[in-house]
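# Summary of structural features
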Amino acid sequence: MWRGSAAPPGPPSRPSWRPCRLSGGRAGAVTGRAAPLLLLLVAAAGRAGASAAGGPEVHSLRGTWWLSNGNGSVVLRGDVPGCVHTALHRRGLIQDPYYRFNDVMYRWISLDNWTYSRPFKTPFDVRKWQKVNLVFEGVDTVAQILMNNVTLGRTDNMFSRYTFDITSVIQEVNFVEVRFLSAISYATQQSSCHKAYSIPPACPPPVQKGECHANFIRKEQCSFSWDWGPSFPTQGIWKDVRIEAYNHYHLIYFSLTSFFVKSAQQWSLEVQSVFDVVSSKPIAGLVTVNIPKLQTQQTFSVKLQPREGSIVLLVNISKSSTVEAWWPNGHGKQTGYNMTTTFIMEEGYQIEKFSKAYFRTVELVQEPIPGSPGLSFYFRINGRPIFIKGSNWIPADSFQDRVTYDTLWLLLKSAADANMNALRVWGGGVYEQDDFYNICDELGIMIWQDFMFACALYPTDQNYLESVKAEVSHQVRRLKSHPSIILWSGNNENEAAIASNWFSIPHADLEVYIKDYVMLYVKNIRETVLTEDKSRPFIASSPTNGLESVKEGWLSQNPYDTHYGDTHFYDYISDCWNWTVYPKTRFASEYGFQSWPSFSTIEKVSSTEDWSYTSNFSLHRQHHENGNDQMLQQIGHHFKLPQSTDPIKKFKDMIYLTQVMQAQCIKTETEFYRFSRSEIIKGEGHTMGALYWQLNDIWQAPSWASLEYGGKWKLLHYFAQNFFAPLLPVAYEDKGVLYIYGVSDLHVDHKLTLRVIVHTWSSLEPVCTLAKDGVIIKAQNAVPIYKESINDLLGRCRNCTRKSCVITFCLVGEDGLQSPVNHHFLSSLKDAVGLEKTQLNASISQRDDIYIFALQTTAVAPFVSLDVGSIKGKFSDNGFLMTKKKKAVVFYPWEPTSVEELEKSLTLTSLVDIV
C-alpha cells in the first residue's frame, strides 16, 4: 500500500501553455455543493460516506500531496487545501513569509510554476457507477488538470467550482496532477494578448511593491498587493477536492430563500435544488419538505430533466404558526428553523437534506425625500428601517488555508461585540468560506456582498465573460440561502474610476470602456444574479448613485453625489475633528484613517533595528503613498509629537498616538453620520449607514483596520463599541454653539436624563454638573436634545476656559438604561492647560474566567490605554478619558492566562506619558 513515504514520481513535464486565454477548462465548472469533509486516509481516498442504499459515493482527496517546482529542484509534501507558500513554510524551507522584507524576498515562489500530485486507490468498484466526477471546490488559479496522464481540462478562475468527468479515466490506482502556471506570468500574457486597447491600470503604485495586470486574472485581486497588504500571488488547491460517483442523478446545489407574501400575510420559502441527471429520460418523484416547529409539511410531485435538472418548490408556511424572523444584531433574535427535505424518486435512491430555514425580508429603499433633491438610500429589514453600523471586511490572511473557523469567529464576534450589525465583503478579496456566512447568520451581521472586481477596468472578451458568468452563478447558488447577505454589489469603485477618469483615458476613447462596463456588470453579472436570486437587491457598483446611476445608463456623472446612493470619502489633510469636512451623505460605505498596530503585533515580524517610525521596515510596511507622514500631520493638529531620546519608547509613543488619532478621527466622522440620520440640511442628510474602512488586517502593518492581524483590538475598535452603541449622545459645535443629539437605534421611545459634566484638566472634581430630565429620545431617530453657547457654558462653570476644561455627557434612564459616557474637547489637547503627569496604576484580580483591572489615577487622564502585549483577549473599555479616581476594567481572555502573566505584560499609557 503506497503511504507517500517513498520519493514522489519524477517531476512531470511542463504543459505546453497556449499563450492567450485558456478556454474549454470549465468542464461543467459550476456544479456540486461541498460534501461533508473528512480526513484523508493516506492510501485510499478519504471516505465521506454514501447517504443511503445506492446513494452516491463521495470521497475527499484532502490531505498530503506532493509538490514540486518547475524544474524539479524543489520537492516537498504539502497539504490540500493549501498553497505553495504555506507548504514551504511548514516544511521549514522558508521563514514566515510575513517576517520583515520576505514579501519581496520570496517573489520567486510566485514566479515559478508548481505542480501538485498524488496517487490514490479508488475506494469503490467503478463498474457500479454511471458517472464519476473529480470535483475541485477551488483551484488557485491557472492550472492543467491531469489524471493518469490524461488532460481532463484547465482552470483559470479561483472563484469557480470545477467538475471533471473521469468515468472513462479512473482506474483501480490513479495518479492526479494539477500543473500550475504562475499567476503573474499568466496575467502578463493575457494583458499582452489584449491588443485592441489597453485595460488599465497596468501596475499598482510602486509603494505597494506589487505585481501587474491583476485585472486579467480571475483571482483575489489584492494578492497582487494593495495599499494595506503584501503581494503574495499564491498557487494551490485552496478548497476541497473530491471524487463523486453516482447513478441516475446527484444533488449539486440546494438553497432556500424566504419571501413574505403581503396579500396573503404569509411567509413562503423558495426551495431550489439543482441536479446532475445522468439518465437520458426525465425522472419523476416526490419531494417532501418538513419544518416541524412551524407545523409545515408539504409534498410535491416533481420531474427531473436530463443533464442539469432544476426543481423550484414554493413552500407556504402554516398560518397557524408564529414565524420568528431573523433580525440583525441589536434588533432581535437570529432565529432559524430545522428543515428536512426528502427526495424519493422513481429510480435511484432517497436523498434526505437537513438545513436551516431563516425568514427575513430586505428592501433597498430609494425614494424621494421631502425637502431634498435626489433619493433616499437605506435598508428595510422585515419592514423596519435599519441604520447600518459596521465596517469593511478584507481577506484575513494572504494564505487562505491559514484562515480557520476560530480566526473568523474571533474577528466576527469582535465586530458584533462592538455593536456592529453589518460588514461589507469588499470586492478585491475573495467570496468568503461557508463558515464566514454561517457565523454572520448566527451573530446577526448583515453582509453587503461585492463581486470580486475592484479599482480597475476589466476585459470583456467572450471567454472572460463566460468565466465570470460561471463564477457568479456558482457563488450566488452557494450563498443565497444566508439571511445575513442583504445586497449583491457588482464591483468596488469601478463606476467612480470611469466617471472620475482615474486612468486618464482620452475623452474620445471613453465610449469603449463604458460599453465594457455595462457589458460586464449589467448584461453579464446583473442578469446572472437576477436569474439565480430574486430575493435581494443588486447595485452595480459602490459608490454609486443607485437608481440615478441606472437612469444615466449605469454610469453617473458623479457617483459621489450626496443626494443619491452611497459614498466613499477620504481626507487625510483636513483636521479630522472638524465635522464640516464630512459629506452629509445618504450612506457612508467607506471612510477611514490609518494607524499602526501595537508594538506586540509588529515585534513578531521585525527585528530591533526596525523599531523606529522612520526605519526601512516602517517604510516598507507602509503601502499607502505618504501614509506615515499623513498620520504625523493628522496627529500634529491636536497632539504634541513624541520627543523621547529612547528610540524604542519614541516608536511605542508614535504607535500609541496613531491609534489615538485614528480612534478620535473615526469617532468624530461616525458620530456625524449617526446624528445626520433624521435631518435634512440644505438638501442633504437622512444618512442611514456608516461602514468605516476597514475591520481587519491581512498582515502586521500600518492600515485603516480596527482589528490587528491576530485579532487584537486597536483603540479604534474600543471606540467603535461606544460610537455604535444603540443609545448615544453626540456633541458637536457650530459657530460657537454646543449641540447635543440623542441618537437611538432602540425600537421604542425613552424618557431619559441627560447629564453634562464639566471638568478642568487639573482636577478630578467636576467644576459643574447639569442634569436635564424628561428628555424624549425617539425610537430609531437622532434628535437635538441640548443647545448652549460655549461662552455661556464656560461662564456658568466658573474657572473654565476652552483650554482648561473638557465636557463629558451621558444619557441615563430609570430602568437601568444607560448610554456610554461621551466627551467633547473644547481645544486641541496640545494646547490643554492644567494637564498633569498622573500616577496611573492597576491592581489585577481574577473572578472565574475573567480578570478585573482596578485602575487608580491621581489626575484627569486622557486616552488611558491598557495593553497586555501578546496575551490574547479584550478589555471592557480602553482608550477612555479617566475623570474619576477609580475605574474597574474587565479583561476577557481568549486563551488561558494568569494574574502574574497579566501583571508582567501590562503597559498603562495615557496622553500625559507621551514626552
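Everything below is about the structure printed above this text.
Predicted model only: the values in this text are computed from it and were never measured.

## Some words on the pattern of salt bridges
Per the counting criterion, the structure on display carries 40 salt bridges. Note that Asp240 and Arg62 form a salt bridge whose closest N and O atoms lie 4.0 Å from each other. You can see Asp240 sitting in the loop between β14 (236–237) and β15 (241–246) and its partner Arg62 sitting in the loop between β2 (57–60) and β3 (63–68), a full 178 residues away along the chain. Across the pair Lys413 and Asp417 runs a salt bridge whose closest N-O atoms are separated by 2.7 Å. Linking Lys413 with Asp417, this pair stays in helix α5 (residues 405–417), spanning 4 residues, or about one helical turn.

## Digging into unusual backbone geometry
Among all residues except glycine, the phi angle is most often negative; among peptide bonds, the trans geometry is most common. Residue Thr141 is reached from Asp140 by a cis peptide bond, and omega for that bond is -5°. Residue placement: Thr141 occurs in the loop between β7 (139–140) and β8 (143–147). In this structure, the amide linkage connecting Trp693 to the following residue, Gln694, adopts the cis form with an omega of 5°. Backbone geometry places Asn501, a non-glycine residue, at a positive phi of 50°. Considering the arrangement of structural elements, one finds Asn501 in the loop between α8 (494–499) and α9 (510–532).

## Here we look at the sheet that holds strand β45 (residues 861–867)
Spatially, β47-β45-β49 is the arrangement adopted by the 3 strands of the open sheet, whose pairing is antiparallel. Two strands bound the open sheet, and with one partner strand each, they are β47 (880–882) and β49 (907–909). When the angles between neighbouring strand axes are averaged without regard to direction, this sheet yields 40°. Here 2 bridges tie β45 to β47, and the two strands are oriented antiparallel to one another.

## A short note on helix α14 (residues 647–675)
Taking 1.5 Å per residue as the helical rise, α14 with its 29 residues ought to reach 42 Å, and the 42 Å between its terminal C-alpha atoms agrees with that figure. Judged by how many residues are buried, α14 sits mostly within the fold: 24 of 29 residues are covered.

## So, the packing of α14 against helix α15 (residues 715–723)
As a packed pair, α14 and α15 sit with axes 8 Å apart at the nearest point and diverge in direction by 25°. Our classification of the angle between α14 and α15 gives roughly parallel. You can see that α14 and α15 cross each other, and the crossing is right-handed. Listed contacts from α15 to Gln659, Val660, Gln662, Ala663, Gln664, Ile666, Lys667, Thr670, Glu671 and Arg674 of α14 are Leu715, Leu716, Phe719 and Phe723.

## Looking at the pairing of strand β24 (residues 378–381)
Relative to β24, strand β23 (residues 362–365) runs antiparallel, the two sharing 4 bridges. In the strand pairing of β24, Leu364 is matched with Phe379. As paired strands, β24 and strand β25 (residues 384–386) are joined by 3 bridges and run antiparallel to one another. Bridge pairing links Phe379 to Ile386 in β25. What sits between the antiparallel neighbours β24 and β25 is a turn of 2 residues, in which Asn382 has the positive phi angle 50°.

What counts and how
- Residues numbered from 1 in each chain as written.
- Predicted model: local features only at pLDDT ≥ 70, side-chain atom pairs only at ≥ 80, totals over all residues.
- Heavy atoms only, no water.
- Salt bridge = Lys/Arg side-chain N within 4 Å of Asp/Glu carboxyl O.
- Helix = DSSP H or I, 4+ residues; strand = E, 2+ residues; numbered from the N terminus.
- Pairing = 2+ DSSP bridges.
- Axes fitted to C-alpha atoms, helices over the stretch in contact; angles between N-to-C directions.
- Expected span 1.5 Å × (residues − 1).
- Buried < 20%, exposed > 50% of the residue type's maximum accessible area, 1.4 Å probe, protein only.
- Parallel < 35°, antiparallel > 145°, perpendicular 65-115°, else oblique.
- Left-handed = near helix turned anticlockwise from the far one by under 90°.
- Contact = heavy atoms within 4.5 Å.

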